[in-house]
Amino acid sequence: MNFKHIYRTALVVMAAALMLVSFQSCNNEDIDGAPVISNVRLLDPTKADSSLSAAEPGSLIVIQGQNLGSVLKVYFNDFEATFNSALGSNSNIVIAIPAEAPTKATDARVSSKIRVVTNGGEATYDFVLTAPSPVISGMYLEFIKLGGNIMIGGEYFYNIKSVKVGDTNLQIVNSTVNSITAKMPATALSGIVTVEGEFGTAKTNFKVNDIEGNMINFDIPATSWGSEVCWGAAPIIPATDPGAISGKYSRIKGTKLPATGYNDAWVFSTCSFDFKLPAGPASERQFKFEHNIAEPWKAGKYDITITADKSEYTFSFQPWNSTAYAATGYQTNGWRTAVIELSEFKNAGGNTIPDVSKITDLKVLFNTPDVVIASFNGSVDNFRIVKK
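Bear in mind that the values here come from a model prediction, so they are computed numbers and not experimental data. (Residues numbered from 1 in each chain as written. Predicted model: local features only at pLDDT ≥ 70, side-chain atom pairs only at ≥ 80, totals over all residues. Heavy atoms only, no water.)

**Digging into the nonpolar core**
Moving on, step 1. Residues Phe 287 and Ile 359 are the most contacted members of the largest nonpolar core, which totals 41 residues.
Moving on, step 2. Within the residue set of this core, elements represented by two or more residues are strand S18 (214-216), strand S20 (249-257), strand S22 (285-293), strand S23 (301-308), strand S24 (311-317), strand S25 (336-341), strand S26 (359-367) and strand S27 (373-387).
Moving on, step 3. At 5 residues, S27 tops the list of elements feeding residues into this core.
Moving on, step 4. Those residues in contact with Ile 359, other than ones at most four positions away along the chain, are Met 215, Phe 273, Phe 275, Leu 277, Ile 306, Thr 307, Ala 308, Ile 353 and Ile 385. (Core = buried A, V, L, I, M, F, W, Y, C linked by side-chain atoms within 4.5 Å. Buried < 20%, exposed > 50% of the residue type's maximum accessible area, 1.4 Å probe, protein only. Helix = DSSP H or I, 4+ residues; strand = E, 2+ residues; numbered from the N terminus. Contact = heavy atoms within 4.5 Å.)

This is the structure:
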């Protein structure tokens, strides 16, 4: 046996094996080297050059870097995301941030990081999941007594920092994702409401305690001779009454209200008065007023008639007539602002008001045409037309 030949052969085999191992190691390093995240951008090709440090859940993004081709898992704030590996490459991962991923708004302890796991290891990247900016959808009441509570409805009220009326900060009494309660000062205050949160600011397009677009509020004369209204005998209650919200108001309170389409004691109206409303179509305006329904309301209605350019446009206010109040009747928690799209007022031909500046009259009639009402206690005030 030639041991020298065997030894030489063994060396060759070992060398070949080492070369193969070395080649595979180099090849694996090319494919499965330690991942690196260098940038995050939006998927939108028009914004492909942008670099992101934050985005909202649900956003489509591209994670850019090196050695990403063997991606196994991707986490946002330790919440695992699903993805299609076929859409990625060694330098890109195309992925949607999960809508359910936690944010600083819902959990202040989140890591604020993206974590990518591949065959070659893990990589992390500082990245903040933000919440949408706050949105104000409306207010329960737009006229608030001194020292009373202002109640704001909306969405995305995360980590609210301040609530202001004009430039005045209010004390925040309570805040949830969909509602904020804040306390008005003991001095008169009017202005736009601003809500500031960690993820943005929202403002109302109207002012609280404001008489913009006033038609009838029982304090400012609605006739050329100085009376609150032109005709109708609906009771006008003094501003000193404990139930007043912002001066004098009208109230119907009684039992066994008869079934009738017209009662002079339940109506108030102007007659050919210039309200000095700015020009514009009904589609750009809202009709608002405050109402206080102190006990369940299940029948009857307020017929509201606006005269513009010699044509009458009407709307029947009967909020009880809906599935939500079918069993209990409609009742407010004190005063509440009613908001009606002005385009809901129609004339006999089904048309809307073409020009608000042509409005000359407002008539409000409570009536019970179909049934006797056993008991009713309803108050109204501050009828106005404002821009949206």
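Moving on from the coordinates now.
**So, the state of the cysteines**
Moving on, step 1. Within this structure, the stated rule accounts for 1 disulfide.
Moving on, step 2. Paired through a disulfide, Cys 230 and Cys 271 show a sulfur-sulfur distance of 1.8 Å. Taking the torsion about the sulfur-sulfur bond, which here is approximately 80°, the covalent link between Cys 230 and Cys 271 counts as right-handed. Of this pair, Cys 230 sits in the loop between S18 and strand S19 (236-237) while Cys 271 is found in the loop between strand S21 (267-269) and S22, placing the two residues 41 residues apart along the sequence.
Moving on, step 3. Exposure remark for Cys 230: the relative accessible area of 24% places this residue in the partly exposed category. (Disulfide = S-S within 2.5 Å.)

**Some remarks on the pattern of salt bridges**
Moving on, step 1. Inspection of the entire model under this criterion finds 15 salt bridges.
Moving on, step 2. Residue Asp 107 pairs with Arg 109 through a salt bridge whose shortest N-O separation is 3.2 Å.
Moving on, step 3. In this structure, Arg 251 and Asp 241 form a salt bridge, with 3.9 Å as the shortest nitrogen-oxygen distance. You can see Arg 251 sitting in strand S20 and its partner Asp 241 sitting in the loop between S19 and S20, a full 10 residues away along the chain.
Moving on, step 4. For Asp 241, a relative accessible area of 21% translates into the label partly exposed. (Salt bridge = Lys/Arg side-chain N within 4 Å of Asp/Glu carboxyl O.)

**Concerning the sheet that holds strand S10 (residues 135-139)**
Moving on, step 1. An order of S10-S11-S15-S14 is seen for the 4 strands of this open sheet, with the pairing classed as antiparallel. Every interior strand has two partners, whereas the edge strands, S10 and strand S14 (171-175), have only one. This sheet shows a mean twist of 30° between the axes of neighbouring strands, independent of strand direction.
Moving on, step 2. As judged from the 4 bridges shared by S14 and strand S15 (residues 179-183), these two strands associate in the antiparallel manner. (Pairing = 2+ DSSP bridges. Axes fitted to C-alpha atoms, helices over the stretch in contact; angles between N-to-C directions.)

**Here we look at the sheet that holds strand S3 (residues 60-66)**
Sheets are built from strands that pair by backbone hydrogen bonding, the pairs being arranged parallel or antiparallel.
Moving on, step 1. With antiparallel pairing, 3 strands are arranged side by side in an open sheet as S1-S3-S6. Looking at the sheet topology across the chains shown, the edges are occupied by strand S1 (36-42) and strand S6 (92-96). Between one strand axis and the next, the sheet turns by 25° as a mean value, whatever way the strands run.
Moving on, step 2. Across 5 bridges, the pairing between S3 and S6 is antiparallel. For Val 62, the partnering residue across the bridge sits in S6 and is Val 94.

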